[in-house]
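The chain contents come next:
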2 protein chains.
Amino acid sequence: MSRVYNFAAGPAVLPLEVLQEAQKELVDYKGAGMSVMEMSHRGKDYDAIHQEAIATFKELCGLNDDWAVCFIQGGASLQFAMIPMNFLGAGQTADYANQGTWSNKALKQAQMIGQVNVVANCQKDIPTRMPAADEFKWTPGAVYSHVCTNETISGAELKEIPDSGSPLIGDMSSDILSCERDYSKFTMFYAGAQKNLGPSGMAVVAIRKEFAAKGAQNIPTMLQYRTFVDENSLYNTPPTWGIYIFGETMKWVKRMGKENLFKLNAEKARKIYDVIDASGFYRGTAVKEYRSNMNVTWRLPTEELEAQFVKEAAAAGLKSLKGHRSVGGIRASIYNAFPMAGVDALVEFMKEFEKKNG
Amino acid sequence: MSRVYNFAAGPAVLPLEVLQEAQKELVDYKGAGMSVMEMSHRGKDYDAIHQEAIATFKELCGLNDDWAVCFIQGGASLQFAMIPMNFLGAGQTADYANQGTWSNKALKQAQMIGQVNVVANCQKDIPTRMPAADEFKWTPGAVYSHVCTNETISGAELKEIPDSGSPLIGDMSSDILSCERDYSKFTMFYAGAQKNLGPSGMAVVAIRKEFAAKGAQNIPTMLQYRTFVDENSLYNTPPTWGIYIFGETMKWVKRMGKENLFKLNAEKARKIYDVIDASGFYRGTAVKEYRSNMNVTWRLPTEELEAQFVKEAAAAGLKSLKGHRSVGGIRASIYNAFPMAGVDALVEFMKEFEKKNG
């Protein structure tokens, strides 16, 4: 077996230990005589997987019993619709920060439902960035406020969680559990699973039960948060395999020690940014104080050199370094499961490439 | 490795060959150096998996280019909402047959959106059954009509597809690709994947492109069928692992030969019904002419005996024979991947159990 270094933005690299364990028990899960994929979601074996996944995640995020953790199919993109469908009624205003491609997608869905106030706008700024704390113009009496903590495409990350004055909802798809955060500042946060949490196919949604209970009741059952809270994500058949891998990944985070992992993440990012900053050849995409530790983005002098960089890197086993198709450039996504050795290999490659082409 | 016989109604047994292949390549997919779960959904390796899965399914169902096949997260339950959201406008009527628990759930979601005509109602009939062809009271000018081809809980199956006079939509969650059907009679059909198609976490939706294009445009992007049709289910990150296992399962159906599989399915069901019919002890739940070949349901003289039956069967390696919690009794779900040897073992067990307790 030869594993490559996979810098994909999501779906993305998973912990090798988790994959090897899943492989071992794929046909026969711990003597149950069947695969996790084949288990009834109402049975004892699956139930233990489901409960443990939720409990481990709640422990890692420091969530008390005021919170529910839900598995909702459709990824973050369906959350963009469910949030305003549940919480943005007629005559109400929701605050949205427009910080990049993903927060812009979220607010566009909300605008289809109701009144949105764009409280800050740096979506198209180059270099890419996040709004400063005093830049947000929050609406008094807003029904909720929405921020994206890390813009995967622009490579900018919100380092301080703002005080919005209304229930704060965070899209943390690409930086959840990657750094120290006070999750209690939020009323709800969610993440498409396929970056820091597990395989694609669901969003993990943490929501205060009290808030979920306030959601609209005249919308389809499968689009009400209360359905998932009240039924513990077992109203209909959940994505059982994805929840299993998510749970195993959360146990891996716990074994690694999350503080240790957070330090490693900062160190991995620092190594790449150091090469960029020491170079007149590479140019970081994001304003320094908002640089993402999960998605490191940069440019080369020409698009031709960028294409050559991506191609030669791939040949050297450094895969999926091409920036998002909407913006170009280079992007190294280095989530929790991305190994330090891969960063070291990239850093060496970058130095060599600059020497030859700079 | 010791595999049990898994009679679960879904998630359910998958072909052993598919599981073994998935296990072999879980950590390193065909030399790509990564798991399918880790692959970018925009990359070449995943794209081949995606396209082949769709092509194989279309071939098996005999669908031409008028049709799109979409992977939509949320299972059949989200389809219950998406269908009326897309196609049931103000002042329009949709026809729903109420044939059991699942079609009742579907029509309830439609009633939250618009005007529904219940064209036949046998939901609570005991013995369980489907409406006869002349029982449906179709609405002239209905915007669409909805039937469930197999009620997983009641164990009744629609043997003849009715002519509804409006675009016909079929929930085939529990009998898709299990028997000969003329799919061209439908305008749309769908199935939660976790029974005959693959693991849980999505519905496979076949829809005429022309019909999808008529859907509402003022609903969230992720709830419009056109989004999935126009972007080939790649508007957002699809459930890549589920699609991979689905594709492998479709290739397995092709290798087995679908006609051969259909014959085996009929034979598997016949063997169990024969024991029921030869016995004064077991009592079939469904009217004979509507008996499902996928979910065989029956009762024993008392609930105590049913509990004992389930318990002793489980001890003998015949798992998940308990009927749905809403109706009780016994249910043997015997989808495509369920092996004949498991049916033979059940039949022997049933005869022994009757001898001892009858």
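Since the structure is predicted, the reported quantities are computational estimates derived from the model, not experimental observations.

Chemist: Quick question: what am I supposed to make of the interface of chain A and chain B here?
Modeler: You'll often see interface size given as the accessible area lost when the parts meet. Counting from both sides, the interface comprises 63 residues of chain A and, opposite them, 63 residues of chain B. Surface buried jointly by chain A and chain B totals about 4,700 Å² across both partners, of which 60% is contributed by carbon and sulfur atoms. Looking at the side of chain A facing chain B, the largest losses of area belong to Val 27, Met 37 and Glu 38 of chain A, adding up to 14% of the total buried there. At the boundary of chain A with chain B, the tally comes to two salt bridges. Of the charged contacts in the structure, one is a salt bridge between Glu 38 of chain A and Arg 3 of chain B, with a shortest N-O distance of 2.6 Å. The interface formed by chain A and chain B holds 25 residue pairs in polar contact (both at pLDDT 80 or more) in total.

Chemist: It is not clear to me how unusual backbone geometry should be interpreted in this structure. Could you clarify?
Modeler: Glycine aside, the phi torsion of most residues is negative, and most peptide linkages are trans. All names here are of chain A. Look at the link from Gly 10 to Pro 11: it is a cis peptide, with omega at -5 degrees. Relative to the helices and strands, Pro 11 resides in the loop between β1 (5–6) and α1 (16–24). Pro 127 follows Ile 126 through a cis peptide bond whose omega is -5 degrees. Mapping Pro 127 onto the fold places it in the loop between β4 (115–121) and β5 (144–148). In this structure, Lys 30 is a non-glycine residue whose phi angle is positive, near 45 degrees. Tracing the backbone shows Lys 30 in the loop between α1 and α2 (44–61).

Chemist: Explain the packing of α2 of chain A against helix α7 (residues 240–256) of chain A here, please?
Modeler: All names here are of chain A. Two numbers describe how α2 lies on α7: the axes approach to 9 Å, and their chain directions differ by 45 degrees. The angle between the axes of α2 and α7 places the two elements in the oblique class. As α2 packs across α7, the resulting crossing turns out to be left-handed. Taken together, the residues of α7 that come into contact with α2 (itself represented by Tyr 46, Ile 49, His 50, Glu 52, Ala 53, Thr 56, Phe 57, Glu 59 and Leu 60) are Thr 240, Ile 243, Tyr 244, Phe 246, Gly 247, Met 250, Lys 251, Val 253 and Lys 254. A class-by-class count of the residues in the contact of α2 with α7 yields 10 nonpolar, four polar and four charged.

Chemist: Hey, could you run me through the pattern of salt bridges in this one?
Modeler: Working definition: two side chains of opposite charge can pair if their charged atoms are close together. All names here are of chain B. Tallying each qualifying case throughout the model produces 45 salt bridges over all chains. Put simply, Glu 59 and Lys 254 hold a salt bridge, and the shortest N to O gap is 3.2 Å. Within this pair, whereas Glu 59 is found in helix α2 (residues 44–61), its partner Lys 254 is found in helix α7 (residues 240–256), the two being separated by 195 residues in sequence. By relative accessible area, which is 49% here, Glu 59 ends up partly exposed.

Chemist: Could you clarify how one ought to interpret the packing of aromatic side chains in this entry?
Modeler: Here the distance between the centres and the angle between the planes together describe a pair of aromatic rings. In total, this model carries 45 aromatic pairs over all chains according to the counting rule given. For the pair Phe 309 of chain A and Phe 353 of chain A, a centre-to-centre distance of 5.1 Å together with 80 degrees between the ring planes defines the contact as edge-to-face. One end of the pair, Phe 309 of chain A, is in helix α9 (residues 303–315); the other, Phe 353 of chain A, is in helix α10 (residues 340–357), and 44 residues separate them in sequence. The buried category is assigned to Phe 353 of chain A, whose relative accessible area is 2%. Both rings, one in Phe 186 of chain B and one in Phe 189 of chain B, keep their centres 6.2 Å apart while their planes meet at 65 degrees; by these two values the pair is edge-to-face. Grouping residues by exposure puts Phe 186 of chain B and Phe 189 of chain B together as buried. One aromatic cluster in this structure is built from Tyr 29, Trp 241 and Tyr 244 of chain A together with Tyr 29, Trp 241 and Tyr 244 of chain B.

Chemist: Teacher, can you tell me more about empty space enclosed by the protein here?
Modeler: If a probe as big as a water molecule is rolled over the atoms, it shows which places are left empty. Applying the stated rule across the entire model yields six cavities of 30 Å³ or more. When its volume is computed, the largest cavity comes out at roughly 140 Å³. Every residue lining the largest cavity is counted, 15 residues in all, and those nearest its centre are Ser 200, Pro 239 and Gly 242 of chain A together with Ser 200 and Gly 242 of chain B. Listed by contribution, the elements that provide at least two residues to the lining of the largest cavity are α7 of chain A together with α7 of chain B. No other element matches α7 of chain A, which puts three residues into the lining of the largest cavity. Residue composition of the lining of the largest cavity, grouped by class: eight nonpolar, seven polar and no charged. Put simply, the second largest cavity is a space of about 70 Å³. Lining the second largest cavity are 14 residues; nearest its centre among them are Ile 72, Gln 73, Met 222 and Phe 228 of chain A together with Gly 74 of chain B. Its residues assigned to classes, the lining of the second largest cavity comprises eight nonpolar, six polar and no charged.

Chemist: I'm lost on the sheet that holds strand β11 (residues 283–284) of chain B in this one. Help?
Modeler: Within a sheet, adjacent strands bond to each other through the backbone by hydrogen bonds, running parallel or antiparallel. Read from one edge to the other, the open sheet built from three strands follows the order β11-β12-β14 (chain B), with strand pairing classed as antiparallel. The strands lining the two open edges of the sheet, one partner per strand, are β11 and β14 (330–333) of chain B.

Chemist: I keep staring at the pairing of strand β14 (residues 330–333) of chain A and nothing clicks. Help me out?
Modeler: For a regular strand, side-chain orientation follows a simple rule: the groups alternate between the two sheet faces. All names here are of chain A. The alternating pattern of β14 places Ile 330 and Ala 332 on one face and Arg 331 and Ser 333 on the opposite face, and all of these are buried. For strand β12 (residues 295–299) and β14, the ladder comprises four bridges, and the chain directions are antiparallel. Directly across from Trp 298, in β14, lies its bridge partner Ile 330.

Chemist: How do you make sense of the relation of the copies chain A and chain B when you look at a structure like this?
Modeler: In summary, the two copies of the chain are related to each other by a rotation about an axis coupled with a shift along it. When chain A is fitted to chain B, the best match, at an RMSD of 0.0 Å, comes from turning it 180 degrees and sliding it 0.0 Å along the axis. On this basis, the relationship between the two copies can be described by a two-fold rotation axis. Of the interface residues in chain A, 100% have counterparts in chain B that sit at the interface too, so the contact is made through matching surfaces.

Chemist: What exactly am I supposed to notice about the packing of α7 of chain A against helix α8 (residues 258–277) of chain A here?
Modeler: What describes two packed helices is the angle between their axes and the distance between those same axes. Residues and elements named next belong to chain A. Running from N to C, α7 and α8 point in directions that differ by 90 degrees, and their axes come no closer than 6 Å. With respect to their mutual orientation, α7 and α8 come out roughly perpendicular. When α7 is examined against α8, the residues Trp 252, Val 253 and Met 256 are found in contact with a partner set consisting of Lys 258, Asn 260, Leu 261 and Leu 264. Here the residues of the contact of α7 with α8 sort into five nonpolar, one polar and one charged.

Chemist: Can you walk me through the nonpolar core in this structure?
Modeler: A general feature of soluble globular proteins is that nonpolar side chains tend to end up buried together. Membership of the largest hydrophobic core comes to 173 residues, with the highest contact counts inside it found for Phe 57 and Trp 298 of chain A together with Phe 57 and Trp 298 of chain B. Ignoring anything within four residues of it in the chain, the contact list for Trp 298 of chain A reads Ile 272, Ile 276, Tyr 282, Arg 283, Gly 284, Thr 285, Phe 309, Gly 329, Ile 330, Ala 332, Leu 346 and Met 350 of chain A. Ile 72 and Val 116 of chain A together with Ile 72 and Ala 110 of chain B belong to the second-largest nonpolar core, a separate cluster that totals 67 residues.

Cut-offs and rules
- Residues numbered from 1 in each chain as written.
- Chains lettered and ligands numbered in written order.
- Predicted model: local features only at pLDDT ≥ 70, side-chain atom pairs only at ≥ 80, totals over all residues.
- Heavy atoms only, no water.
- Contact = heavy atoms within 4.5 Å.
- Buried area = accessible area lost by both parts, 1.4 Å probe.
- Salt bridge = Lys/Arg side-chain N within 4 Å of Asp/Glu carboxyl O.
- Polar contact = N/O pair within 3.5 Å; in protein donor to acceptor, adjacent residues only side chain to side chain.
- Helix = DSSP H or I, 4+ residues; strand = E, 2+ residues; numbered from the N terminus.
- Axes fitted to C-alpha atoms, helices over the stretch in contact; angles between N-to-C directions.
- Parallel < 35°, antiparallel > 145°, perpendicular 65-115°, else oblique.
- Left-handed = near helix turned anticlockwise from the far one by under 90°.
- Nonpolar A, V, L, I, M, F, W, Y, C, P; charged D, E, K, R; others polar.
- Buried < 20%, exposed > 50% of the residue type's maximum accessible area, 1.4 Å probe, protein only.
- Phe/Tyr/Trp six-rings, centres within 6.5 Å; stacked < 30°, edge-to-face > 60°.
- 1 Å grid on protein atoms, 1.4 Å probe; cavity = no way out; pocket = protein on both sides within 12 Å on 5 of 7 lines; lining within 4 Å.
- Points joined across faces, edges and corners; volume = space filled by probe spheres on them.
- Pairing = 2+ DSSP bridges.
- Least-squares fit on C-alpha atoms with pLDDT ≥ 70 in both.
- Core = buried A, V, L, I, M, F, W, Y, C linked by side-chain atoms within 4.5 Å.

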